[in-house]
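# Results of the structural survey
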Amino acid sequence: MSNLSKEWAHSSLRGMMLIREFEETADKLSLRGKIPGGIHNSSGQEAVAVGVLSALDPLDVIATTHRSHHHTLAKGFSAREVMAELFTKSTGVSRGRGGSMHLGDFHRGHFGGNGIVGAGVGIAMGAALGIQQRGDAKVSVGFVGDGGVNTGRTWEAINMAVIWKLPLIVIIDNNQYAVETFVDRVTGGGDIAKRGEGFGLPSYTINGQDVVEVNEYTAKARQRALAGEGPTIINALTYRYYGHNVGEKGQYRTQDEILDWKTNRDPIDLFIARATSEGLITDSEVAALRDDVKKEVEDAVDFAEKSPQPDLNSILVDVDSGLLGGK
Amino acid sequence: MTTSTQNQNPTYSEAFQSGVREEIYRNRDIFILGTDLIERGGHFAQVKGIAQEFGFQHVKDSPISEAAMVSAGLGAAMYGLHPIIDLNFIDFSLGAMDEIINQAAKIRFMFGQPVPLVIRATSGTALGGAHHCNSLESLFAHTAGLAVAVPSNAWDVKGLIKTALRSPDPVIFLMHKKLSGVRGEIGDENTLIPFGKARTVKEGKHAAIITYGFTVVTAQKAAVALASEGIDVEIIDLRTLYPLDTDAINSAVQRFGRVVVADEAPMFGSITAEIAATATEANFGSLKGPIVRIGSVRAPISANPGMSEAAIPSVDAMIAAVKKVVAY
């Protein structure tokens, strides 16, 4: 018997498959020059995104990083609006002005990806302050990478969340490489979660390839935040299959290492194995889901290709509100 | 709200308190976040009594973490509140420059959402040396997405902060340290001063000084001295640097053809350069001679009072600049 519901298993697996299909497709499109500025591929990190977002309420807030397609899709944004944004088309979620690193829609609780490493935790902390000021029953999640945890602003924000017991969850989407720099080479003290202990908040290092484990820890952190007990850090160990950016040909890690993660610790394969053995899904249902996400991504690419460019005359629109007399 | 004696008028700092207090009554989403606000009332008493009146919900004493202070305000503003982040001295904003320039200023453009955030700090030269006397207003005015207010008197402080607290845009609100205790009349609860509208401090016949902040005081002193020599100079206080009242600037150039632009920021690459260049491009035919700029030298501000004063425009320098344009 499984303690997971069939519905949750199907939805989580589909969510991870959609991200994988989306990223594999976007990577190829980027290499073909279809995506201005390229992308940061999140293939391999699906369980972190789906595990976290499946534990949240749709109106909970997230603020994220330069690598955020997986968080955005897991938050329920359509492949169409995300792909169109990668193409910087007017139908994209940020109207083509944000691009791959700046996906967001505040009305749906997405306070944006970010081109600045470490900035997302601060914004999420501010949103958590807003939630507390209003007395809303929501939480705010700040994603940061293993690179971002070496920025001072991240820990300034965490300290503030601790002293005010803000409903904040910090997710370290720890893919172990800051661009080409291995986390252990640049991280004093080793285990990042130990830093959290020094700031006086519960901090856990977990298996970020296990969507169930990520979901359980996030749900627990959410309960704590809603109870007014303050923030939690979850350091989810994961791995990115591609380079930091599209087309990267780095020599900083071995092919054996990449193959080991892909073969033995792939989050989708691991979850299929578990869900199948627990009787939650059949082989044919898995195949149907694969087919389904493939079609969704094909449709998204078609939509993005056919979407219009933004109106170049709109360049001064929304620089500011104009209400203060700005032109 | 004229009072019977000059001493009963509120100070420049109290004018800020008054404006904020009235706006919190109107909008309970406003709160102030900064260091030493609750007991001390801020370093310039600018929020004294507000925590006691409205409760700690509206005044939050923060750790000294400028980046987190601004991101706290930023995230809360994105959530729909209207925070005032009090950074004390604008020099300290440099520890939060990513949050201000990369984040707050650009969000509306990228996401189409408002960022109703006020960042208040003191600005300008006084005693205190190189880390407490910067004039960074040109940097913020240069940044698309930010509005910049630079009030020179109590009336404008109150009217402008009230407008800022009804604005959906991020506003950098710069108050000059040397004006903190200066008393003056203030408007009532319905007196809002629009951004982008300069004030004619004093009308004149022969030339115009376009300025803002503490340099308005310098200009007023110069005008008195010049009047004794028969030179009647107009003084225009810009009040906000973005939006910038280009109509008032162009009108002054067209009417007089003899214009001085003055502030105490380093002149190299400054807002006075912007004003002189665009006003010249638009009104070259009206000018009797080049627009003259005075400002600070391109040097850090010294802790030595004499050196500090020497860096910024003196009354004598202002008088000389006006005489130069009058002589065209």
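Remember, predicted model here, so these are calculated numbers, not experimental data.

Let us now look at the overall build of chain B. Along the backbone of chain B there are 12 helices and 12 strands. Overall size of chain B, expressed as C-alpha extent along the three principal axes, is 60 × 50 × 40 Å. By residue count, 62% of the 328 residues in chain B fall in the buried class. Across chain B, every contact between residues at least 6 apart in sequence was considered, and the portion connecting residues at least 24 apart equals 82%.

Turning our eyes to something else, we now look at the sheet that holds strand β8 (residues 207–211) of chain B. Residues and elements named next belong to chain B. Pairing is mixed in the open sheet, where five strands are placed in the order β7-β9-β8-β11-β12. Of all strands in the sheet, those bounded by a partner on one side alone are β7 (199–202) and β12 (292–296). Mean inter-strand twist for the sheet, computed between neighbouring axes without regard to direction, equals 25°. Two elements, strand β11 (residues 259–266) and β12, share four bridges in a ladder whose sense is parallel.

With that out of the way, let us pick up empty space enclosed by the protein. Over the atoms, a rolled probe matching the size of one water molecule traces out where space is still vacant. Residue and element names in this part refer to chain B. As enumerated under the stated definition, the model contains four cavities of 30 Å³ or more in all. The computed volume of the largest cavity comes to approximately 110 Å³. In terms of lining residues, the largest cavity is bounded by 16 residues, among which Ser123, Glu137, His176, Tyr212 and Gly213 are the most central. Among the elements of the structure, β6 (171–176) and β11 are those that each provide at least two residues to the lining of the largest cavity. Residues that form the lining of the largest cavity fall into these classes: seven nonpolar, six polar and three charged.

A word on the sheet that holds strand β5 (residues 147–149) of chain B. All names here are of chain B. Ordered in space as β2-β1-β3-β4-β6-β5-β10, the seven strands form an open sheet in which the pairing is mixed. Edge positions in the sheet fall to β2 (59–61) and β10 (240–242), since each of these pairs with one other strand and no more. Shown here is a sheet whose adjacent strand axes are inclined to one another by a mean of 20°, direction ignored. Judged from the five bridges that link them, strand β1 (residues 30–34) and strand β3 (residues 82–89) form a sheet pairing that is parallel. For Leu33, the partnering residue across the bridge sits in β3 and is Ile85.

Another aspect to go through is the packing of helix α1 (residues 6–31) of chain A against helix α12 (residues 283–306) of chain A. All names here are of chain A. Close contact between α1 and α12 brings their axes to 9 Å; oriented N to C, the two are set at 45°. Between α1 and α12, the angle is such that the two are oblique. Judged by the twist between their axes, the crossing of α1 over α12 is right-handed. Here Lys6, His10, Leu13, Arg14, Met17, Leu18, Glu21, Phe22, Thr25 and Leu29 of α1 lie close against α12, whose contacting residues are Glu285, Val286, Leu289, Arg290, Asp292, Val293, Lys294, Glu296, Val297 and Val301. Residues belonging to the contact of α1 with α12 are distributed by class as follows: 10 nonpolar, two polar and eight charged.

Here we come to the layout of surface pockets. Here the largest pocket is characterised by a volume of approximately 660 Å³. Along its surface, the largest pocket is lined by 33 residues, and Ser138(B), Leu139(B), Ala141(B), Ser270(B) and Ile271(B) are the ones closest to its centre. Elements represented by at least two residues in the lining of the largest pocket include exactly α6 (137–141), β10, β11 and α10 (271–283) of chain B. Sort the elements by how many residues they give to the lining of the largest pocket and α6(B) lands first, with four residues. Per-class residue counts for the lining of the largest pocket are 16 nonpolar, 12 polar and five charged. In terms of domain composition, the lining of the largest pocket takes at least three residues from each of domain 1 (10–179) and domain 2 (199–326) of chain B. In this model, the second largest pocket occupies a volume close to 380 Å³. Looking at the second largest pocket, it is lined by 19 residues, and the ones nearest its centre are Tyr241(A), Tyr242(A), Gly243(A), Glu248(A) and Gln255(A). At the level of elements, α1 and α10 (255–264) of chain A are the ones that each hand at least two residues to the lining of the second largest pocket.

The tally for this structure, following the rule as stated, stands at 34 salt bridges over all chains. Residues Lys294(A) and Glu298(A) are paired through a salt bridge, measuring 3.4 Å at the closest nitrogen-oxygen approach. One end of the pair is Lys294(A) and the other is Glu298(A), both in helix α12 and four residues apart, which spans about a single turn. When its relative accessible area of 41% is taken as the criterion, Lys294(A) is described as partly exposed. Residue Glu23(B) is joined to Arg26(B) by a salt bridge in which the shortest nitrogen-to-oxygen separation is 3.5 Å. In this pair, Glu23(B) and Arg26(B) both sit in helix α1 (residues 12–26), three residues apart, roughly one turn of the helix. Bridged by salt links that share partners, the residues Glu22(B), Glu23(B), Arg26(B), Lys158(B), Lys162(B) and Arg166(B) form one connected network.

Moving on, we get to the packing of aromatic side chains. Scanning all chains against the criterion turns up 13 aromatic pairs over all chains. Taken together, a centroid distance of 4.9 Å and an interplanar angle of 45° make the contact between Phe106(A) and Phe111(A) tilted. The pair formed by Phe106(A) and Phe111(A) is uniform in burial state, with each residue classed as buried. Among the aromatic residues, those joined into a ring-pair cluster are Tyr177(A), Phe182(A), Tyr239(A), Tyr252(A) and Trp261(A). When the ring centre of Phe77(A) is taken as reference, the NZ or CZ atom of Arg108(A) above it lies at 4.0 Å. For Arg298(B), the ring lying beneath its charged end belongs to Phe268(B), and the centroid distance is 5.2 Å.

Scoring rules and cut-offs
- Residues numbered from 1 in each chain as written.
- Chains lettered and ligands numbered in written order.
- Predicted model: local features only at pLDDT ≥ 70, side-chain atom pairs only at ≥ 80, totals over all residues.
- Heavy atoms only, no water.
- Helix = DSSP H or I, 4+ residues; strand = E, 2+ residues; numbered from the N terminus.
- Buried < 20%, exposed > 50% of the residue type's maximum accessible area, 1.4 Å probe, protein only.
- Contact = heavy atoms within 4.5 Å.
- Pairing = 2+ DSSP bridges.
- Axes fitted to C-alpha atoms, helices over the stretch in contact; angles between N-to-C directions.
- 1 Å grid on protein atoms, 1.4 Å probe; cavity = no way out; pocket = protein on both sides within 12 Å on 5 of 7 lines; lining within 4 Å.
- Points joined across faces, edges and corners; volume = space filled by probe spheres on them.
- Nonpolar A, V, L, I, M, F, W, Y, C, P; charged D, E, K, R; others polar.
- Parallel < 35°, antiparallel > 145°, perpendicular 65-115°, else oblique.
- Left-handed = near helix turned anticlockwise from the far one by under 90°.
- Domains from an automatic or database assignment.
- Salt bridge = Lys/Arg side-chain N within 4 Å of Asp/Glu carboxyl O.
- Phe/Tyr/Trp six-rings, centres within 6.5 Å; stacked < 30°, edge-to-face > 60°.
- Lys NZ or Arg CZ within 6 Å of the ring centre and 35° of its normal.

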